[in-house]
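So you can see what is in the structure, the chains are spelled out below.
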Amino acid sequence: MMQKMIDTKKDIFMYGSDKVFRAFNKWLVVAFENNNKTQFDAFLEFVLEMRKDMFYGNTKLTKHDILLNLTQSEEEARKLFD
């Protein structure tokens, strides 16, 4: 598992945009906080930045769209941000 994380970090460092790299760093920093909202917000921001990177900034998805996809429940998605 540690090797996969190192490989992921290397790939983002080498191939991700500055915004993706910074969003990834922010997510890693807040990943150990006890605040689920902060963790999810940083993760969702990272995912959105990756999509923007891959699609030349042309994504219309929102953090809510991604969270709904992950939870498959409007109620659960709302719980994470309320």
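Report on the accompanying structure. Predicted, not measured: the structure shown is a model, and the values here were computed from it.

### Points about the pattern of salt bridges
Then comes step 1: Summed over the entire model, instances satisfying the criterion amount to 6 salt bridges.
Then comes step 2: Between K52 and E49 there is a salt bridge, and its shortest N-O distance comes to 3.7 Å. Taken together, the residues K52 and E49, both in helix α3 (residues 36–54) and 3 residues apart, mark about one turn of the helix.
Then comes step 3: Judged by relative accessible area, which is 10%, E49 ranks as buried.
Then comes step 4: Its salt-bridge partner being E74, residue R78 comes within 3.7 Å of it at the nearest N-O pair. One end of the pair, R78, and the other, E74, are both in helix α5 (residues 74–81), 4 residues apart, so they sit about a helical turn from each other.
Then comes step 5: Given the relative accessible area of 43%, R78 is considered partly exposed.
Then comes step 6: Overall, E74 belongs to the partly exposed group, its relative accessible area being 37%.
Then comes step 7: Salt bridges here are not isolated pairs; linked through shared partners, they connect D41, E45 and K63.

### What to know about a nonpolar patch on the surface
Then comes step 1: A surface patch of nonpolar side chains, about 300 Å² in accessible area, is lined by M2, M5 and I6.
Then comes step 2: Mapped onto the secondary structure, M2 falls in helix α1 (residues 2–15).
Then comes step 3: Under the relative-accessibility criterion, M2 is labelled exposed at 61%.

### A look at the packing of aromatic side chains
Then comes step 1: On inspection of all chains with the given rule, the structure shows 5 aromatic pairs.
Then comes step 2: With 6.1 Å between their ring centres and 55° between their planes, F24 and W27 make a pair best called tilted. With F24 and W27 both in helix α2 (residues 18–30) and 3 residues apart, the pair spans about one turn of that helix.
Then comes step 3: The exposure class assigned to W27 is partly exposed, which follows from its relative accessible area of 23%.
Then comes step 4: Taking 5.1 Å as the distance between ring centres and 55° as the angle between the ring planes, the aromatic pair formed by W27 and F43 counts as tilted.

### A look at unusual backbone geometry
Then comes step 1: Here the phi dihedral of Q72 falls at roughly 60°; this positive angle occurs in a residue that is not glycine.
Then comes step 2: By secondary structure assignment, the location of Q72 is in the loop between α4 (63–71) and α5.
Then comes step 3: The exposed category is assigned to Q72, whose relative accessible area is 72%.

Basis of the calculations
Residues numbered from 1 in each chain as written. Predicted model: local features only at pLDDT ≥ 70, side-chain atom pairs only at ≥ 80, totals over all residues. Heavy atoms only, no water. Salt bridge = Lys/Arg side-chain N within 4 Å of Asp/Glu carboxyl O. Helix = DSSP H or I, 4+ residues; strand = E, 2+ residues; numbered from the N terminus. Buried < 20%, exposed > 50% of the residue type's maximum accessible area, 1.4 Å probe, protein only. Patch = residues over 30% accessible without salt bridge, like charges linked within 9 Å, V, L, I, M, F, W, Y side chains within 5 Å. Areas by Shrake-Rupley, 256 points an atom, 1.4 Å probe, with all protein chains shown as cover. Phe/Tyr/Trp six-rings, centres within 6.5 Å; stacked < 30°, edge-to-face > 60°.

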